[in-house]
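# Breakdown of the fold
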Amino acid sequence: MGVGARTPIVAGNWKMNGALNASSDLVAALVAGVGEGGDAEMLLCPPFVYLDAAARWIESTPIALGAQDLASEVEPGAYTGEVAGAMLADVGCTHVIVGHSERRTLYGETDDQVVAKFRAAQSAGLVPILCVGETLAEREDADTAAVVTRQVGAVLDVLGVDALGEAVVAYEPVWAIGTGRTATPDQAQEVHALIRALIGAQSATIAGGLRILYGGSVKGANAAELFAREDIDGGLIGGASLDASEFLTIFHAASG
Ligand code: PEP
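Residues numbered from 1 in each chain as written. Predicted model: local features only at pLDDT ≥ 70, side-chain atom pairs only at ≥ 80, totals over all residues. Heavy atoms only, no water.

### Details of the overall build of the protein chain
Quick note on the threshold: Secondary structure elements are taken from DSSP: a helix is a run of H or I of four residues or more, a strand is a run of E of two residues or more, and numbering for both begins at the N terminus. Note on method: radius of gyration uses C-alpha positions; expected globular size equals 2.2 Å times residues raised to 0.38. For the exposure calls, accessible area comes from a 1.4 Å probe over protein chains only, and a residue counts as buried if that area is under 20% of its type's maximum, exposed if over 50%, partly exposed in between. Whether two residues touch is decided by their heavy atoms; if any such pair falls within 4.5 Å, the residues are in contact. Methods summary: accessible areas were calculated by the Shrake-Rupley approach with a probe of 1.4 Å, and residue burial reflects only the protein chains presented.
Scanning the protein chain for helices and strands turns up 11 helices and eight strands. Its C-alpha atoms give the protein chain a radius of gyration of 17 Å, near enough to 18 Å, the size a compact globule of 256 residues would have. Projecting the C-alpha coordinates of the protein chain onto the three principal axes gives extents of approximately 45 × 45 × 35 Å. Out of the 256 residues belonging to the protein chain, those deemed buried represent 50%. Here the contacts in the protein chain between residues at least 6 apart in sequence split such that 73% fall between residues at least 24 apart. Of the roughly 10900 Å² of accessible surface on the protein chain, a fraction of 52% belongs to carbon and sulfur atoms.

### Brief notes about the packing of helix H5 (residues 111-123) against helix H7 (residues 144-159)
As a reminder of what qualifies: Note on definitions: angles span 0 to 180 degrees between N-to-C directions of axes, and those axes are lines fitted to C-alpha atoms, for helices only across the stretch in contact. The cut-offs work like this: below 35 degrees is roughly parallel, past 145 is roughly antiparallel, 65 to 115 is roughly perpendicular, and the gaps in between are oblique. Throughout, a crossing is termed right-handed when the near helix is turned clockwise from the far one, and left-handed when it is turned anticlockwise from it by less than a right angle. Polar here means any residue outside two lists: the nonpolar Ala, Val, Leu, Ile, Met, Phe, Trp, Tyr, Cys and Pro, and the charged Asp, Glu, Lys and Arg; Gly therefore counts as polar.
Taken N-terminus to C-terminus, the directions of H5 and H7 make an angle of 55°; their axes are 9 Å apart at the nearest point. The orientation of H5 with respect to H7, classified from their angle, is oblique. Between H5 and H7 lies a crossing whose hand is right-handed. Facing H5, whose interface residues are Asp111, Val115, Phe118 and Arg119, H7 presents Arg150, Gln151, Ala154, Val155, Val158 and Leu159. In the contact of H5 with H7, the residues fall into six nonpolar, one polar and three charged.

### Description of the state of the cysteines
Test applied: Criterion for a disulfide: a pair of cysteine sulfur atoms within 2.5 Å.
Per the counting criterion, the structure on display carries zero disulfides. Free cysteine Cys45: the closest other cysteine sulfur is in Cys93, separated by 7.8 Å. Unpaired in this structure, Cys131 has its nearest cysteine sulfur neighbour in Cys45, at a distance of 9.2 Å.

### Some remarks on the site of the ligand
Let me state the cut-off plainly: One heavy atom within 4 Å of a molecule or strand makes the whole residue count as near it. Identification of polar contacts relies on pairs of N or O atoms within 3.5 Å, with a donor-acceptor requirement for protein atoms, meaning one able to donate a hydrogen and the other able to accept it, and with residues adjacent in sequence counted only if both atoms are side-chain atoms.
Taken together, 14 residues sit near the ligand, with Lys15, His100, Glu172, Gly178 and Ser217 positioned nearest. One nitrogen or oxygen atom from the main chain of Ser217 is found 2.7 Å from an oxygen atom belonging to the ligand. A distance of 2.8 Å is found between an oxygen atom of the ligand and a backbone nitrogen or oxygen belonging to Gly239. Considered on its own, the ligand offers 290 Å² of accessible surface; in the complex 95% of this is hidden by protein. Here the shell around the ligand is composed, by residue class, of four nonpolar, eight polar and two charged.

### A few points about the packing of H7 against helix H8 (residues 185-200)
Interhelical geometry of H7 versus H8 gives an angle of 35° and a closest axis separation of 10 Å. The interaxial crossing formed by H7 with H8 has right-handed handedness. Residue-level inspection shows Thr144, Ala145, Val148, Thr149, Val152 and Leu156 of H7 in contact with H8, the latter providing Val191, Leu194, Ile195, Leu198 and Ile199. Here the residues of the contact of H7 with H8 are counted per class, giving nine nonpolar, two polar and no charged.

### Some thoughts on unusual backbone geometry
Look at Lys15: it is not a glycine, yet its phi comes out positive at around 55°. Relative to the elements of secondary structure, Lys15 occurs in the loop between strand S1 (9-13) and helix H1 (20-33). Here the phi dihedral of Ser60 falls at roughly 65°; this positive angle occurs in a residue that is not glycine. Look at Ser60 and you get exposed, because its relative accessible area is 81%.

### Overview of the pattern of salt bridges
Filter applied, for reference: Think of a salt bridge as a Lys or Arg side-chain nitrogen and an Asp or Glu carboxyl oxygen that are within 4 Å of each other.
Under the definition given, this model contains 14 salt bridges. With a shortest N-O distance of 3.6 Å, Asp52 and Arg56 are connected by a salt bridge. Of this pair, Asp52 and Arg56 are both found in helix H2 (residues 51-57), four residues apart, which corresponds to roughly one turn of the helix. On the basis of relative accessibility, which here comes to 51%, the residue Arg56 falls in the exposed class. Note that Asp231 and Arg196 form a salt bridge whose closest N and O atoms lie 2.5 Å from each other.

Pasting the structure below:
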């Protein structure tokens, strides 16, 4: 797994799935199966409305809590429907996903908005998980490197490389999300290495310590071969995070 010092993260992005009782059962099964923790970190990202309950379900366990999105505004105010980073921290979140491809494509989030959310997360003391990745058309046009460079570069240009020191990046090729089509370990490793090199050009220390997760149809059956690659430091898991035994298999593939 990666370069020695990087503890892998396996994060579950539940998206808009679940109900209170079923989510409680899911978390109870994960608490029972997570073990002592240490070799890998487990992170759960339920919908906003279940965060408060989930924080109680995982209390005194090594499992951490994240949100799927946050407001780009930092100060409280008249932003109907938005949830501030400070509110997420208030209910026990330590992490928040920013720039997921579903936010970018379904809700039109631009690189600028993603950067604003990244900054808002850090100003609330949360670790942003910056999602980047190309569409199928972009891959077929050999634009993968350009797209990922632009998406990571948006953060680097505005916030500087130090901002990546307290962040996680997730490479999620859009064509692999929820499609059952996974990037091969070679395809994923190539882009992860590119991302690390982009950041490494500005700070070798920050790049060396940065966790870069792979996301896109990770399952129990393909996790180990992905996580074995040098620059793949765990996964951001959608569909398979809703099934306790599948998610635990993925988690244990990362924790060795
Ligand atoms: C995701 O939504 O971040 C994701 C990777 O989904 P899936 O695992 O279902 O492809």
